[in-house]
Amino acid sequence: GKGVIIAQSEQEAVTAIRDMLEGGRFGDSGRRIVVEQFLSGPEVSVLALTDGEVVRPLCSSMDHKRALDNDEGLNTGGMGTIAPNPAYTDEVAAKAMDRIFLPTIRAMNAEGRTFRGCLYFGLMVVDGDPYVIEYNCRFGDPETQVVLPMMEGDLLRAMIATREGTLAQADFSTRDGFAACVVMASGGYPVKYETGKEIFGLDANGQIPDGSATVYHAGTKREGGALCTAGGRVLGVTATAQDLRSAVEKAYTMVQSVQFDNAFYRHDIGQRALKALEQ
Ligand code: GLY
């Protein structure tokens, strides 16, 4: 969403290009542009560890980038996630490894820029084939909030193996089941929002008291003894379960136990994935 225009017509594309090259939209960063084929299909985020030799993908996930239900409203950093992503079948995963993941690290090696760390592959699945939408050299947010709970094994050891070039032997895998994360944001996000609202319903560690979900803090701070909002996306509530519907329901139940003024969140996180699973 940052600096990307998805043009629905040729005229829209021409106007966007003029705005960037002649109108100064996006400032100096908008003076060099990339034009890409329009793709349509489910998006998949794959966070993968690589030591420059092998790529070990963590559990696939699905972000929900628009601010409002039914994928309406403005693009955001992400309003919620589920993992694994039903569009990322074993067949798609095998193609992604052969056509995208390994060629990517080999190309970086060939350029003398071996990458060790977490590569974020933003993919789109078009008629059963994965395409790259974007790369990031980092974990995703809020993907990480569902990917790490799905990881069986020790993250720190996996990271050390990533650094030391022994990732092929690292002992971690993806557990069975599903995870869902619902992001609670400040009213008005991603445009204009207030901060400094007290957050209720969490214990002294900033967690749900009964421990049935994990709260990931994004835009929070302590003011005196109180936990307050300090950003647009305030926190993410993640729950896990054997099936996706239960994970989603659990996350939403826990979201309702957390309150702050003008809190808002999407009500349909996981619905698209549930429909895909039912097909
Ligand atoms: N959730 C999108 C990102 O981390 O870039």
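Fair warning: this is a prediction, and the values are worked out from it, not measured in the lab.

So, how was this worked out
Residues numbered from 1 in each chain as written. Predicted model: local features only at pLDDT ≥ 70, side-chain atom pairs only at ≥ 80, totals over all residues. Heavy atoms only, no water. 1 Å grid on protein atoms, 1.4 Å probe; cavity = no way out; pocket = protein on both sides within 12 Å on 5 of 7 lines; lining within 4 Å. Points joined across faces, edges and corners; volume = space filled by probe spheres on them. Helix = DSSP H or I, 4+ residues; strand = E, 2+ residues; numbered from the N terminus. Nonpolar A, V, L, I, M, F, W, Y, C, P; charged D, E, K, R; others polar. Pairing = 2+ DSSP bridges. Axes fitted to C-alpha atoms, helices over the stretch in contact; angles between N-to-C directions. Contact = heavy atoms within 4.5 Å. Near = heavy atom within 4 Å. Polar contact = N/O pair within 3.5 Å; in protein donor to acceptor, adjacent residues only side chain to side chain. Areas by Shrake-Rupley, 256 points an atom, 1.4 Å probe, with all protein chains shown as cover.

Trainee: Mind showing me how you'd approach the layout of surface pockets here?
Mentor: Rolled over the atoms, a probe sized like a water molecule indicates the empty space that remains. Considered as a void within the structure, the second largest pocket measures approximately 270 Å³ in volume. Lining the second largest pocket we find 14 residues, and of these Pro57, Leu58, Cys59, Ser60 and Thr174 sit closest to its centre. Those elements that provide at least two residues to the lining of the second largest pocket are β2 (55-57), α2 (90-110) and β10 (172-174). Looking at the lining of the second largest pocket, the element that brings in the most residues is β10, giving 3 residues. Here the lining of the second largest pocket is built from residues that sort into 7 nonpolar, 5 polar and 2 charged.

Trainee: Even after reading the chapter, I still don't get the sheet that holds β2, so can you show me in this structure?
Mentor: In any sheet, the strands associate via hydrogen bonds between backbone groups, in a parallel or an antiparallel arrangement. A sheet is described by the order of its strands in space; here 4 strands give the open sequence β2-β1-β7-β8, paired in antiparallel fashion. Bordering the open sheet on either side are β2 and β8 (129-136), each of which pairs with just one other strand. Each adjacent strand pair in this sheet contributes to an overall mean axis angle of 40°, direction not counted. Summarising the sheet, strand β7 (residues 117-126) and β8 pair through 7 bridges and their orientation is antiparallel. Opposite Gly122, over in β8, you have Glu134 as the bridge partner. Here α2 sits on the sheet in contact with β1 (43-50), β2, β7 and β8, set at roughly 40° to β8.

Trainee: Could you clarify how one ought to interpret the site of the ligand in this entry?
Mentor: Residues in contact with the ligand, as listed here, are Asp63, Gly77, Tyr120, Asn136, Arg138, Gly140, Asp141, Pro142 and Glu143. At a separation of 2.8 Å, a nitrogen atom of the ligand approaches a polar backbone atom of Asp141. Protein chains bury 93% of the 200 Å² of accessible surface belonging to the ligand in isolation. Here the shell around the ligand is built from residues that sort into 2 nonpolar, 3 polar and 4 charged.

Trainee: Would you mind showing me how to read empty space enclosed by the protein here?
Mentor: Under the criterion given, the structure shown has 1 cavity of 30 Å³ or more. Volume-wise, the largest cavity comes out at about 40 Å³. The wall of the largest cavity is formed by Gly78, Asp141, Gln145, Val183, Tyr216, Ala218, Arg233, Leu235 and Gly236. With 3 residues, strand β15 (residues 233-241) is the largest single contributor of residues to the lining of the largest cavity. Residue classes in the lining of the largest cavity are distributed as 4 nonpolar, 3 polar and 2 charged.

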